[in-house]
Amino acid sequence: MSEKLSSGQKARSKVHSFDDLFNTSTDMGFGHSVQNEKYHVEEINLSEMHEFPNHPFPVVDDDEMAELVASIEEHGVLQAAVVRSDPSGGYQIISGHRRHMACMKLGYEKMPAVVVEMDDEDATTCMVDANFSQRKEIPISCKVKAYRQKFDAQKKKGKITATYDELGEAAGESGKTVQRMLRLSYLSDELLDLMDVGKLGVVQGVSISYLDEDDQQLVLVAIEDTQVNMNKDQAQKIRELGESKSLNLEVIRMLLTDKKKKERKYTMKSDIISRYFEEDATDDDIEQVIVMLLEKWKEGVRNG
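Calculation rules
- Residues numbered from 1 in each chain as written.
- Predicted model: local features only at pLDDT ≥ 70, side-chain atom pairs only at ≥ 80, totals over all residues.
- Heavy atoms only, no water.
- Helix = DSSP H or I, 4+ residues; strand = E, 2+ residues; numbered from the N terminus.
- Contact = heavy atoms within 4.5 Å.
- Patch = residues over 30% accessible without salt bridge, like charges linked within 9 Å, V, L, I, M, F, W, Y side chains within 5 Å.
- Areas by Shrake-Rupley, 256 points an atom, 1.4 Å probe, with all protein chains shown as cover.
- Salt bridge = Lys/Arg side-chain N within 4 Å of Asp/Glu carboxyl O.
- Buried < 20%, exposed > 50% of the residue type's maximum accessible area, 1.4 Å probe, protein only.
- Pairing = 2+ DSSP bridges.
- Axes fitted to C-alpha atoms, helices over the stretch in contact; angles between N-to-C directions.

1. Some words on the side chain of Ser-207
Mapped onto the fold, Ser-207 is located in helix α8 (residues 202-208). With sequence-adjacent residues up to four places away left out, Ser-207 is seen in contact with Ala-235, Gln-236 and Arg-239.

2. Things to note about a nonpolar patch on the surface
On the surface, Val-289, Met-292 and Leu-293 cluster together to form a nonpolar patch covering roughly 250 Å² of accessible area. Residue position: Val-289 is located in helix α13 (residues 283-302). Looking at Val-289, the relative accessible area reads 31%, which means it is partly exposed.

3. Thoughts on the pairing of strand β5 (residues 110-115)
One face of the sheet, then the other: side chains in a regular strand alternate in exactly this way. Burial of β5 is extensive: five of the six residues sit out of reach of the surface. In this sheet, β5 lies alongside strand β1 (residues 41-45) in antiparallel orientation, the contact comprising five bridges. By the bridge assignment, Ile-44 is partnered in β5 with Met-111. Bridge count for strand β3 (residues 81-85) against β5 is three bridges, and the pairing is parallel. Bridged to Val-82 within β5 is Val-114.

4. Some details on the sheet that holds strand β2 (residues 49-50)
Here five strands make up an open sheet; going across it, the order is β1-β5-β3-β4-β2 and the pairing mixed. Because the sheet does not close on itself, it has two edges, and the strands there are β1 and β2. As judged from the four bridges shared by β3 and strand β4 (residues 91-95), these two strands associate in the antiparallel manner. Residue pairing for β4: Val-82 is matched across the bridge by Ser-95. With respect to the sheet, helix α2 (residues 97-105) is in contact with β2, β3, β4 and β5, its orientation differing from that of β4 by roughly 115°.

Given below as structure tokens:
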């Protein structure tokens, strides 16, 4: 058991991952985890706790938040937040943004937290893994931004040798999914928003992510104008035109609204053909006669 610090002191310990702060075998859902005993939990003023810079996980006042508020009101905060010192004063929240909001809604002045020393890269990795572990539903736009932050942080730390599977481990996602999320980080925020509401698929988004910023804006305008959900072939064609510098708004609109004509086939029975053609008539001969007769019929219909 760590020694209890006197009033005003802060627990300082260097860590490198979220698992260093908590028992990895413990459920990370709120109300069910137990802090690792080597880290000291203290009460910190809510006003001193600030959102993590560029935090990719929005804190939403929804039904889950209402449940969290009710749980904290009845049982207190059973899982301490994790924070680090903020250079501008106070603390940056690494894990506990939702608990912080719940305590604010309840009118509390303080909440329990563990204060740790982390550099920007370790703090970013810890923040992303904590949110992936604790949140039930994460919009794709949030996942994209979170994976990009974690990837860049690990790259800066010289850990780029980590596999995509390892990057997705905290979220329980495959390396292939992580690769796609990183590719989608080149999409504009507006197109990522369309993915959140199901108006742009993942595969389509990957294709569009290869376009430059101006062409992506054209795609956004075309989707909003036509209200069409792009298919994979259309997305690939748009990518190809973008790469050849042949893309404009009208072309994108035409591609999105183009409906392939259904191929029609008709086979005439051989006994019917035998009534009108000699046995030595070739397929080309038969086709020419049929087309000629159909043209005459069509002209007669037009003239009434």
